[in-house]
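Reading the structure
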Amino acid sequence: MNNIIHQEKFIELLEPLFDKLFMYALSLEKNKEAAEDLVSEAILASYEAFGNLEDYDSFKAYLFKTARNIFMRKAARKWFFGKYDESRIENVISFELSPLLTLEIEILYKALDKIPAKQKEAIVLFEISGFSQKEICQIQSATLSALKSRINRGKENLKLILTKQERVLLVEKDFLKTTKSVML
């Protein structure tokens, strides 16, 4: 394939996926700069191997699987260099969001971090990024039944975590009201 045509086709396929790829990288990295690096590395690796891609319909799954593999390799290497100190959630969330929405997103991301990694990835890809189950099966190298099970278990785990967290917040809120009325 001619190099210019090759570049144009790659860009044509990449453009509608770029924002979703960035949000996926952000859900993995929890840091805007690290997510940008992951996206750049995934795009570069995908472009370099683009000539070997036989079916353009599988480009989306190929791109996201490449990002996932790069992230997993980095995560495995981090284990050898000590514990990773996670950045504050403000690096993840856009400052254009309302404070209430920002808080809800922060709570969701913290809850997502408490469920198993494969369940988290399946939920992020399906519910947040809008991938089809078939595409997620390609990305995760999983069967459809395994994927459906991951999504359902992940949702149940999230429901338990968020319900428990909601009860804790209500208790804290009641405590603050009581403390405030006693102080007055």
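Placed above this text is the structure.
A brief report on the enclosed structure follows. (Residues numbered from 1 in each chain as written. Predicted model: local features only at pLDDT ≥ 70, side-chain atom pairs only at ≥ 80, totals over all residues. Heavy atoms only, no water.)

Regarding the side chain of K60
For K60, the position within the fold is in helix α4 (residues 59-80). Take K60: its relative accessible area is 16%, and that puts it in the buried class. Not counting the four nearest positions on each side in its chain, K60 is found in contact with L17, K20, F131 and E135. (Helix = DSSP H or I, 4+ residues; strand = E, 2+ residues; numbered from the N terminus. Buried < 20%, exposed > 50% of the residue type's maximum accessible area, 1.4 Å probe, protein only. Contact = heavy atoms within 4.5 Å.)

Quick look at helix α6 (residues 117-128)
For α6, which comprises 12 residues, the first-to-last C-alpha distance of 15 Å matches the rise-based estimate of 16 Å (1.5 Å per residue) to within 8%. All of the buried residues along α6 are Q119, K120, E121, A122, I123, V124 and L125. Once α6 ends, the next one or two residues include G130, with phi positive near 80 degrees. (Expected span 1.5 Å × (residues − 1).)

Details of the packing of aromatic side chains
Tallied over the entire structure, the rule returns seven aromatic pairs. A centroid spacing of 5.5 Å and a plane angle of 15 degrees characterise the contact between F50 and Y56, whose relative ring orientation is stacked. Looking at Y56, the relative accessible area reads 29%, which means it is partly exposed. Taken together, a centroid distance of 4.3 Å and an interplanar angle of 75 degrees make the contact between F64 and F131 edge-to-face. Taken as a pair, F64 in helix α4 and F131 in the loop between α6 and α7 (133-140) lie far apart in primary sequence, 67 residues in all. No difference in accessibility class separates F64 from F131, as the two residues are buried. Taking NZ or CZ as reference, K60 lies 4.4 Å from the ring centre of F131, over its face. (Phe/Tyr/Trp six-rings, centres within 6.5 Å; stacked < 30°, edge-to-face > 60°. Lys NZ or Arg CZ within 6 Å of the ring centre and 35° of its normal.)

A few points about the packing of α6 against α7
The geometry of α6 relative to α7 is characterised by a closest axis approach of 10 Å and an angle of 140 degrees between their N-to-C directions. Both α6 and α7 take part in a crossing whose hand is right-handed. Contact residues: K118, E121, A122, L125 and F126 in α6; Q133, I136, I139 and Q140 in α7. (Axes fitted to C-alpha atoms, helices over the stretch in contact; angles between N-to-C directions. Left-handed = near helix turned anticlockwise from the far one by under 90°.)

Remember, this is a structural readout, not a statement about activity or role.
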